[in-house]
Every structure is written in C-alpha cells, then in structure tokens.
Amino acid sequence: MNLTEINNLTPDCCAAAKIDINDCYKDEKRPLKNISAAVKSIIVVAHHIENSQEWIWTQMRSERGNSTCIADLHTKDTIRDIKDYLKLKGFNTKIVAYPGVSGVRFKELANKTSLGEIGDNNLFLHKEWGPWVHLRVLLTDAEIYNSEPTYSSEVCIHCGKCIEACPVNALSQNDFNIQRCKERHKKLNSAHSCEICARICPIGEEPPKIE
Ligand code: SF4
Ligand code: SF4
C-alpha cells in the first residue's frame, strides 16, 4: 500500500507519514512490539493546531488521566478513519495510547519522518506548522510504501529564542530539564500549557493567544 492512499483519507488539517518498524532502535521497538507483535509499519498523524481552544485540556474520561482536548479527539478520529480503511483491506491495526500510558514517545517517532523534527524547544516542529501540531500513532501489519524522502531537512534554525525565553531555564541546545518545565506547569495551574517556547518560535504561524 502506498502512503498516498492513507493521506487521501486525512482532512487538510492533518498529514500522515510512516516509518518501517526496522527503522526503529531496539528500545523503541520493544514497547511497539508489546502493543502489536506483528507491526510492520508505524503511521504518525500530525494535526495542525489553528485555534488555541483546540489545545485546552478539559476534564473528560480518557486514556490520559481523565483529561483530553479537541485536538486529541480530532486526531484520534482521523486515526480511526485510517484504521477502518486498513481493516477493510484486511490488515490489523492498533491505536497507540497516549505516551504517559503506552510509553511510546510520539515525537521521537515523528522525528524519523518527513513531517519535521524535534526543535531546541524540545517540541516537535512540523516543517510548515512549526510547534502547532498534535500527534497520534497507529501500528499496522500492512507494508506501506512512500515515494517521498523519509527524513525532512532541518526545521529548527537554532535561533536560540526559545532557550532565552524559557522563564525557568529548562532549555539548552542539547538538553531539556523536564522537571523545571513540569514545576512551572504545576504552578501555572492552567488548562493550557506555558507555551512560551512555542509562541516565540519563528517556525509556523502561532494561533491567537487565549487571555
Ligand atoms: S513550556 Fe515553558 S517552562 Fe517548559 S520549556 Fe517551554 S518555556 Fe520553558
Ligand atoms: S525558537 Fe529557534 S531554536 Fe527554538 S525551536 Fe524554534 S527555531 Fe529552534
């Protein structure tokens, strides 16, 4: 199956890319194989956040500690459409649960695709949408072919703006202090995240801020 067939199923605000399981490191393969022993291809779906409301986490029963957001529900719907299509073609699929539950780091997988790369702000930067992207992952035993290049060229321009702007010095060019970032989020106690390192990034167009 060609990746174009999969991308034809996605709405304009979403894009799909694929990775062969054999392109994953041993440590990456383990949790994926635990979810689906027969996995051959990993489909990463990226959804473009065009409205800040989409990323507001609200209390709702979900796999992610009883909170979800419109962006996640929408990206999951797109993944479900791909799942249904693959099922019709006779393939097995598994939707990967959110990273905190599955242990699968979506942005590390997306980093292996032509969608973009992880920037110095430790966020996944889509080549056009920048950090304004929500990711989801689907595993399948289908072999998916892609005529486009597997890796995207550099997206982060290493301008240093995110490193300078982080109020808790959680970022540096080769490191991310997750504890500092988490503590700041805890203090903010807000339904949407800090976003400073995303809003300062010159890649992509930031959606209007929620005051
Ligand atoms: S989200 Fe905020 S605290 Fe976390 S790294 Fe970005 S700027 Fe720093
Ligand atoms: S602000 Fe600059 S250095 Fe930071 S992620 Fe964006 S492009 Fe890269």
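Criteria and thresholds
- Once a new chain begins, its residue numbering starts again from 1 and follows that chain's sequence as written.
- Working convention: letters from A go to chains and numbers from 1 go to ligands, in the order in which they are written.
- With pLDDT at 70 or above as the cut-off, local features in this predicted model cover only qualifying residues; side-chain atom pairs require 80 or more to be listed or tallied, and sums for whole chains, interfaces and linings still use all residues.
- Only DSSP runs of H or I reaching four residues or more are called helices, and only runs of E reaching two or more are called strands; each is numbered from the N terminus.
- The size measure is the radius of gyration over C-alpha atoms, and the globule rule it meets is 2.2 Å times the number of residues to the 0.38 power.
- Contacts here follow a simple rule: the backbone-placed C-beta atoms of the two residues must lie within 7 Å.
- Strand pairing is assigned whenever DSSP identifies at least 2 bridges connecting the two strands.
- Fitted lines through C-alpha atoms serve as axes, helices being fitted only where they are in contact, and the angles separating the N-to-C directions of these axes extend from 0 to 180 degrees.
- Take the buried Ala, Val, Leu, Ile, Met, Phe, Trp, Tyr and Cys residues, join any whose C-beta atoms are within 7 Å, and the set you get is a nonpolar core.
- In this scheme the burial state of a residue depends on its C-beta neighbours within 10 Å: 20 or more other such atoms mean buried, 12 or fewer mean exposed, and anything in between means partly exposed; the C-beta positions come from the backbone.

Identification of the protein as 4Fe-4S ferredoxin, iron-sulfur binding is taken from an unreviewed UniProt entry.

Colleague: Explain the overall build of the protein to me, and be specific about the residues and the numbers.
Modeller: Scanning the protein for helices and strands turns up eight helices and 10 strands. In terms of overall size, the protein behaves like a compact globule, its C-alpha atoms giving a radius of gyration of 17 Å where 211 residues would be expected to give roughly 17 Å. Seen along its three principal axes, the alpha-carbon backbone of the protein occupies a region of about 50 × 40 × 35 Å. Here the contacts in the protein between residues at least 6 apart in sequence split such that 70% fall between residues at least 24 apart.

Colleague: Requested: an account of the sheet that holds strand β8 (residues 133-140), with residues and values cited.
Modeller: One open sheet holds the four strands; their spatial order is β1-β2-β8-β5, and the pairing between them is antiparallel. Unpaired on one side and paired on the other, β1 (14-20) and β5 (93-95) mark the two borders of the sheet. The average angle at which neighbouring strand axes cross in this sheet is 25°, direction not considered. Direction of pairing for strand β2 (residues 41-48) relative to β8: antiparallel, over a ladder of eight bridges. Looking at β8, one finds that valine 44 is bridged to valine 137. Set on the sheet, helix α3 (residues 70-88) makes contact with β1, β2, β5 and β8; between it and β8 the angle comes to about 25°.

Colleague: Talk me through the nonpolar core; I want residue IDs and the actual numbers.
Modeller: Grouped together as the largest cluster of nonpolar side chains are 46 residues, with contacts concentrated most on Ala16, Ile42, Ile43, Val44, Ala46 and Val137. Not counting the four nearest positions on each side in its chain, isoleucine 43 is found in contact with Ile6, Ala16, Lys18, Ile82, Leu138 and Thr140.

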